[in-house]
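Close look at the chain arrangement
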Amino acid sequence: MYPRDVPIATQAPQTSPLTPTHDQIVVLYVTVVYAVVIFGIWNIPVARTLINPLKLFTIGWHEFCHIVAAVLTGGTISSVTIDPNLGGATIVEGGHPPIILAAGYVGSSVFGGAFILAGFDSLVAKILSFVLGLGLITPLVLVRDKLTILLTLFYEGLLVGFWFIGHAQALRWYCLFVGVMNTFYVIWDLTDDKFFRKANDSDCTQFNLMFPRISAHVWACFWIMFQTGVCISFLFIGIVSFKVRYDPFVGRKTYSVHLAIDRRNEHASK
């Protein structure tokens, strides 16, 4: 017989690993909003200037992926261009052209996916903030525009400040924004090509030149679906990997753990 004052533990309800928590649902909604907002800002003439540092960071990583693929396939880098208005371009001699060209979108997608994971966890955001901080400063070696330099310092200031706001919760949203911008780089690349007629063609146009039988529109659809799939995959990884909730009484994140207790071990003396 159990004493009346002894509570009996019950097994915590089991939920699917793919079922998002309330906090994770917010991340999913914000990801969609960010994609729409970035599409607008990237294509509005005045507003697009305000995100030049983030554009340089995104374009710079994209071109870096081309460079790495070129070196690994035995190519030689002739020149590299990184410009927020003209876009990026990496001129390569030798190597394996299809792999070098594909590396740009693939690398941007995976890199952006890592930053999307930062939207689920502040620790991941803190780690990637060092990558972002270094990536924002590096292009300044080639930049001479004073406004872009000032904006870069502003974004660096935000990066540092967000470390100390709400236990680095603001840093999560900053990294998520950068993640969405990188993951869907093919869309921004195409809009620059279509609306602003940038000097450096998009990679989809380059694929069309490399494989004339497949139109640039088909390549665009393929890469958009590819990057959308990568984004969704990383969102699922974030949902499964970071099952956390925010405890307002403790003031910090706590990891949810399901405990299965065997009643046979709960014996009470008569």
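Nothing here was measured: the structure is a model prediction, and the numbers come from that model. (Residues numbered from 1 in each chain as written. Predicted model: local features only at pLDDT ≥ 70, side-chain atom pairs only at ≥ 80, totals over all residues. Heavy atoms only, no water.)

**Things to note about the overall build of the chain**
Counting secondary structure elements, the chain contains ten helices and four strands. Taken across its 270 residues, the chain has 41% of its residues classed as buried. Across the chain, every contact between residues at least 6 apart in sequence was considered, and the portion connecting residues at least 24 apart equals 71%. As presented, the chain carries roughly 14900 Å² of accessible surface, and 70% of it is formed by carbon and sulfur atoms. (Helix = DSSP H or I, 4+ residues; strand = E, 2+ residues; numbered from the N terminus. Buried < 20%, exposed > 50% of the residue type's maximum accessible area, 1.4 Å probe, protein only. Contact = heavy atoms within 4.5 Å. Areas by Shrake-Rupley, 256 points an atom, 1.4 Å probe, with all protein chains shown as cover.)

**Considering the confidence of the model for the chain**
When pLDDT is averaged along the chain, the result is 83; 83% of the residues meet or exceed 70. Counting contacts from residues 6-12, a segment whose pLDDT is below 50, to residues more than four positions away or on other chains yields eleven contacts. (pLDDT = per-residue confidence, 0-100.)

**Examining the pattern of salt bridges**
Once their charged atoms are close, side chains differing in charge can pair, the charge on each being opposite to the other. Considering all chains together, one arrives at one salt bridge under this definition. Here Arg-172 and Asp-23 are joined by a salt bridge, their closest N and O atoms 3.1 Å apart. Taken together, the positions of Arg-172 in helix α7 (residues 169-183) and Asp-23 in helix α1 (residues 22-43) put the pair 149 residues apart, joining distant regions of the chain. (Salt bridge = Lys/Arg side-chain N within 4 Å of Asp/Glu carboxyl O.)

**Focus: the nonpolar core**
Core analysis: the biggest nonpolar cluster contains 49 residues, and Leu-54, Phe-115, Leu-132, Tyr-174, Met-181 and Trp-223 have the highest contact counts within it. When sequence neighbours within four positions are dropped, the list of residues in contact with Phe-115 reads Phe-57, Leu-128, Val-131, Leu-132, Cys-175, Leu-176, Val-178 and Gly-179. (Core = buried A, V, L, I, M, F, W, Y, C linked by side-chain atoms within 4.5 Å.)

**Describing the packing of helix α4 (residues 97-118) against helix α10 (residues 216-241)**
Orientation of α4 relative to α10, taken along the N-to-C sense of each, is 25 degrees, at an axis distance of 9 Å. In terms of their interaxial angle, α4 and α10 are classed as roughly parallel. Here the hand of the crossing between α4 and α10 comes out right-handed. Residues Ala-102, Tyr-105, Val-106, Ser-108, Ser-109, Val-110, Gly-113, Ala-114, Ile-116 and Leu-117 of α4 form the contact with α10, whose own contacting residues are Trp-223, Phe-226, Gln-227, Val-230, Cys-231, Phe-234, Leu-235, Ile-237 and Gly-238. Taken together, the residues of the contact of α4 with α10 break down into 14 nonpolar, five polar and no charged. (Axes fitted to C-alpha atoms, helices over the stretch in contact; angles between N-to-C directions. Parallel < 35°, antiparallel > 145°, perpendicular 65-115°, else oblique. Left-handed = near helix turned anticlockwise from the far one by under 90°. Nonpolar A, V, L, I, M, F, W, Y, C, P; charged D, E, K, R; others polar.)

**Focus: the packing of aromatic side chains**
Considering all chains together, one arrives at 18 aromatic pairs under this definition. When the centroid spacing of 5.1 Å and the interplanar angle of 70 degrees are considered together, the rings of Phe-111 and Phe-115 count as edge-to-face. With a gap of four residues between them, Phe-111 and Phe-115 both fall in helix α4, about one helical turn apart. Like Phe-111, the residue Phe-115 is buried in the burial classification. When the ring of Phe-130 is compared with that of Trp-163, the centres are 5.8 Å apart and the planes differ by 75 degrees; the resulting orientation is edge-to-face. Of the two residues, Phe-130 sits in helix α5 (residues 122-137) while Trp-163 sits in the loop between α6 (146-161) and α7, which places them 33 residues apart along the sequence. For Trp-163, a relative accessible area of 29% corresponds to the partly exposed category. Three or more aromatic residues link up through ring pairs in this structure, and these residues are Tyr-105, Tyr-185, Phe-207, Phe-211, Trp-219, Phe-222, Trp-223 and Phe-226. Of note, Lys-55 hangs over the ring of Trp-42, and the distance from its end group to the ring centre comes to 5.0 Å. Over the ring of Trp-173 we find Arg-172; its NZ or CZ atom is 4.8 Å from the centre of that ring. (Phe/Tyr/Trp six-rings, centres within 6.5 Å; stacked < 30°, edge-to-face > 60°. Lys NZ or Arg CZ within 6 Å of the ring centre and 35° of its normal.)

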